[in-house]
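Now for the letters of each chain:
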Amino acid sequence: MLKQTLKTLTVAAMLAGSALSAVAADYTIRATANSNENDEDYDGLVVFKNYVEAASNGAIEVELFIGTQLCSNGAECLQGVAGGVIDVYISTSGGASGIFPYVQVLDLPYLMADDRVAEKVLSGDFTRKVRDMALEDSDGLIRLMTIGNTGGWRNFANTKRRVAEPADMEGLKIRTVVADLPQELVKALGASPTPIPWPELFTSFQTGVVEGSKNGITDIMGMKFPDAGLQYVTLDGHAYMGALWWMSNEKFLAMPEDMRRVVVDGFYALQQATFASPKRKSIKAYEDFVAGGGDLYVPTPEQKAAFKEAASPVYDWFKGNVTRGDEVFTALTDAVAEAEAEINADRDADLN
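Residues numbered from 1 in each chain as written. Predicted model: local features only at pLDDT ≥ 70, side-chain atom pairs only at ≥ 80, totals over all residues. Heavy atoms only, no water.

## Some words on the overall build of the protein
- A count of helical and extended segments in the protein gives 14 helices and nine strands.
- Taking the principal axes of its C-alpha atoms as reference, the protein extends roughly 70 × 50 × 50 Å.
- Taking all 352 residues of the protein together, 48% fall into the buried category.
- Considering only contacts within the protein whose residues lie at least 6 apart along the sequence, 74% involve residues at least 24 apart. (Helix = DSSP H or I, 4+ residues; strand = E, 2+ residues; numbered from the N terminus. Buried < 20%, exposed > 50% of the residue type's maximum accessible area, 1.4 Å probe, protein only. Contact = heavy atoms within 4.5 Å.)

## As for the nonpolar core
- If you look at the biggest cluster of nonpolar residues, it comprises 57 residues, and the most contacted ones within it are Leu108, Met112, Val121, Phe126, Trp246 and Phe318.
- If near-sequence neighbours (up to four positions away) are discounted, Leu108 is found in contact with Leu181, His238, Val314, Tyr315, Phe318 and Phe329.
- One finds Ile29, Val62, Met247 and Leu270 within the second-largest nonpolar core, a separate group that totals 23 residues. (Core = buried A, V, L, I, M, F, W, Y, C linked by side-chain atoms within 4.5 Å.)

## Points about the side chain of Asp39
- Following the sequence through the fold, Asp39 ends up in the loop between β1 (27-33) and α2 (40-55).
- Within the buried set, Asp39 has no salt-bridge partner at all; the shortest N-O distance to an opposite charge, 6.6 Å, is to Lys281.
- The residues touching Asp39, leaving out its near neighbours within four places in the chain, are Thr150 and Lys281. (Lys, Arg positive; Asp, Glu negative; His and termini not counted. Salt bridge = Lys/Arg side-chain N within 4 Å of Asp/Glu carboxyl O.)

## Thoughts on helix α11 (residues 257-291)
- Here α11 spans 52 Å end to end across 35 residues, near enough to the 51 Å set by a 1.5 Å rise per residue.
- Considering bend angle alone, the principal kink of α11 is centred on Ser282 and spans about 30 degrees.
- Immediately beyond the C-terminal end of α11, within one or two residues, lies Gly293, with a positive phi of roughly 100 degrees. (Expected span 1.5 Å × (residues − 1). Bend = angle between axes of the 7 residues up to and from the residue.)

## Description of the state of the cysteines
- Considering all chains together, one arrives at one disulfide under this definition.
- Across a sulfur-sulfur distance of 1.9 Å, Cys71 and Cys77 are joined as a disulfide pair. Here the S-S torsion is close to 100 degrees, and the disulfide linking Cys71 with Cys77 is therefore right-handed.
- Cys77 sits in the buried class, given a relative accessible area of 0%. (Disulfide = S-S within 2.5 Å.)

## Regarding the layout of surface pockets
- Counted as a void, the largest pocket has a volume near 1500 Å³.
- If you go around the largest pocket, you meet 46 residues; those closest to its centre are Asn34, Thr92, Thr150, Trp198 and Asp219.
- With four residues, the single largest contributor to the lining of the largest pocket is helix α9 (residues 217-222).
- Class assignment of the residues belonging to the lining of the largest pocket gives a composition of 17 nonpolar, 19 polar and 10 charged.
- The calculated volume of the second largest pocket comes to roughly 400 Å³.
- Residue lining of the second largest pocket: 22 residues in total, with Asp115, Trp153, Asn155, Gly237 and Tyr286 positioned closest to the centre.
- For the lining of the second largest pocket, the secondary structure elements donating two or more residues are β4 (142-158), α9, β8 (232-248) and α11.
- Each residue belonging to the lining of the second largest pocket can be placed in one class, and the counts come to 10 nonpolar, seven polar and five charged. (1 Å grid on protein atoms, 1.4 Å probe; cavity = no way out; pocket = protein on both sides within 12 Å on 5 of 7 lines; lining within 4 Å. Points joined across faces, edges and corners; volume = space filled by probe spheres on them. Nonpolar A, V, L, I, M, F, W, Y, C, P; charged D, E, K, R; others polar.)

## Side note on empty space enclosed by the protein
- Taken as a whole, this structure holds two cavities of 30 Å³ or more when the rule is applied.
- The computed volume of the second largest cavity comes to approximately 30 Å³.
- What lines the second largest cavity is Thr92, Ser93, Asp107, Thr150, Arg154, Tyr240, Met241 and Gly242.
- Those elements that place two or more of their residues in the lining of the second largest cavity are β4 and β8.

Below you can see the structure in the form of structure tokens.
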């Protein structure tokens, strides 16, 4: 009887607390991610929600919509942000490229060497530069809050053979999205780009419609692609899988400065969570891939340099064919050079 009474009182207290929280909230942020609860995007949103609601002392409530409840693709979701129907949305560079084509700079190969460089670059003025560009091009409606990670690094994977150098890519049919930049990259390496919708990729591997892809290991294992014949992964790390977190600029600016500070700090916490999540999740994914008979190859520094050299025509293509491409390319490469110099100085200091 006492146990039941305590249970009833606990439930009542929780309901009362929820009601008080709802009444106390002065601002509501509706955040969506077209993913699932196993994804890095969800990890980031949970951290964001927890931080913002606590740090605002309940003045801000964050509602999470995971999946396609509010919108189903990048263009639709960003239109929702611009129209004020959605407050926060996460996209890949490909998902936002229809509105902001220059964000595809994150897909340019071999510009950032590792996590340490990428995380420093994306935590600095480069992201603020892209924010300013997006605000300008959206008439002040869509604000880039931060850039995190969604899935680690893109690597080449295929069903046919080990790829150790660019010549091994020759003739392979590589799945890409329907976008010019990844297709230009695949062509530069001697392979054949083949646009295939993501839901059709498993069957396409089985039937030989495509023989390879450019994905992170957690996506490869999450979709069970080795069961469809994908048995070769080359850790060339050609692109950091950036996650762009957008917010309604109107919603953001409508908050007082102290609440905006909470939101900004919340996105910092979110970014750090998405930086860390793929590192942890990839460990088991790589172990499972190898345990299942997969061939995991790490290119030598010389082979990595050969990949970068073979892919270099894509840089000129991007600067010449993508709106504001030259501007954003310069911003990224300058940021990378600065980050590498600071990181190398830190390393030297730590070695002595």
